[in-house]
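# Report on the structure
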Amino acid sequence: MTAVAAQQSGPRHVAIIMDGNGRWAQARGRPRLFGHHAGARRVREIVEACPDLGVKYLTIFAFSTENWKRTQVEVAGLMSLFRRYITKEARALFNEGVRVRFIGDRVKLDKKLIALMDELEQITAGNDRVHLTIALNYGGRDEVARATKRLAEDVAAGRLDPAKVDEETLPRYLDTCVLPDPDLVIRTSGEARISNFLLWQSAYAEYEFIDTLWPDFTAEIFAGIVGSYAGRDRRFGGVKV
Ligand code: IPE
Ligand code: IPE
Ligand code: MG
């Protein structure tokens, strides 16, 4: 039986389900978009906190494949917020040494937004201080379905031998193919569910569900959660010696 080394360091890859913007706005008698704007403003502080905490990869859930079910006003407001966010934050992200990537299905997004996403990925491609991945029109099931389609195409074209398909194969087709699996997944706002986020990749992630609404999430709270991760005993099905 494989013995597992004791947990020694902090999480290298943290993924966050940034939830609670709507309730935060509602508590202030404001429209939901007011909460989304406040939520977007929290992101920079969390990204900037990563290097000191030893977090090399940060992945944030910005918009799910299910979020299209919201009102047209909210969806359009979010799309315009994403465009503004990229335009406004690009320079600061670049200067902070952040490499930005997007995961999710881009096809359904508007052309202007896709162009901004491509450009941000390109201009930050040489950075390596923090790897920020933004999940936009992302759903874990959608990602696995898209990956499976491409895998099947490779089999049909004779590029992949079905007998050689194992659990190392599918991840190569996922949007996250260049990223390590998340070590820690945080969800704000008190909901204890994963809502279709990084389904394959989080098989052995540690989870932290906290009541704080996303617009109230601070670098201090983040540091506290990252710090407490060190005390967790990750066994990956093995036993400790
Ligand atoms: C998370 O906040 C942001 C998105 C899903 C885009 P919500 O908008 O889900 O906020 P609540 O859960 O309604 O409070
Ligand atoms: C998950 O939050 C998606 C994002 C944070 C972008 P939701 O608010 O959409 O999830 P549910 O509907 O509560 O499961
Ligand atoms: Mg929500």
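Residues numbered from 1 in each chain as written. Chains lettered and ligands numbered in written order. Predicted model: local features only at pLDDT ≥ 70, side-chain atom pairs only at ≥ 80, totals over all residues. Heavy atoms only, no water.

The name an unreviewed UniProt entry gives the chain is Isoprenyl transferase, with Thalassovita litoralis as the organism. What UniProt records for the chain under Subunit (unreviewed entry) is the sentence "Homodimer." In its Function (unreviewed entry) section, the UniProt entry covering the chain states "Catalyzes the condensation of isopentenyl diphosphate (IPP) with allylic pyrophosphates generating different type of terpenoids." (UniProt positions renumbered as here; feature names shortened; annotations may be inferred.)

## So, unusual backbone geometry
A positive phi angle, near 55 degrees, is found at Asn137, a position not held by glycine. With respect to the helices and strands, the residue Asn137 is situated in strand 5 (residues 130-138). Notably, Asn196 is not glycine yet its phi reads approximately 70 degrees, a positive angle. One can find Asn196 in the loop between strand 6 (184-187) and strand 7 (206-209). With relative accessibility at 13%, the residue Asn196 sits in the buried group. (Helix = DSSP H or I, 4+ residues; strand = E, 2+ residues; numbered from the N terminus. Buried < 20%, exposed > 50% of the residue type's maximum accessible area, 1.4 Å probe, protein only.)

## Overview of the sheet that holds strand 6
With respect to topology, six strands assemble into an open sheet ordered 4-5-3-2-6-7, the strand pairing being parallel. Among the strands making up the open sheet, the edge pair consists of strand 4 (98-103) and strand 7. For this sheet, the mean angle separating the axes of adjacent strands, direction not counted, is 20 degrees. In the sheet, strand 6 pairs with strand 7 via four bridges, with the strands oriented parallel. Bridging from a neighbouring strand, Leu184 pairs with Glu206 of strand 7. (Pairing = 2+ DSSP bridges. Axes fitted to C-alpha atoms, helices over the stretch in contact; angles between N-to-C directions.)

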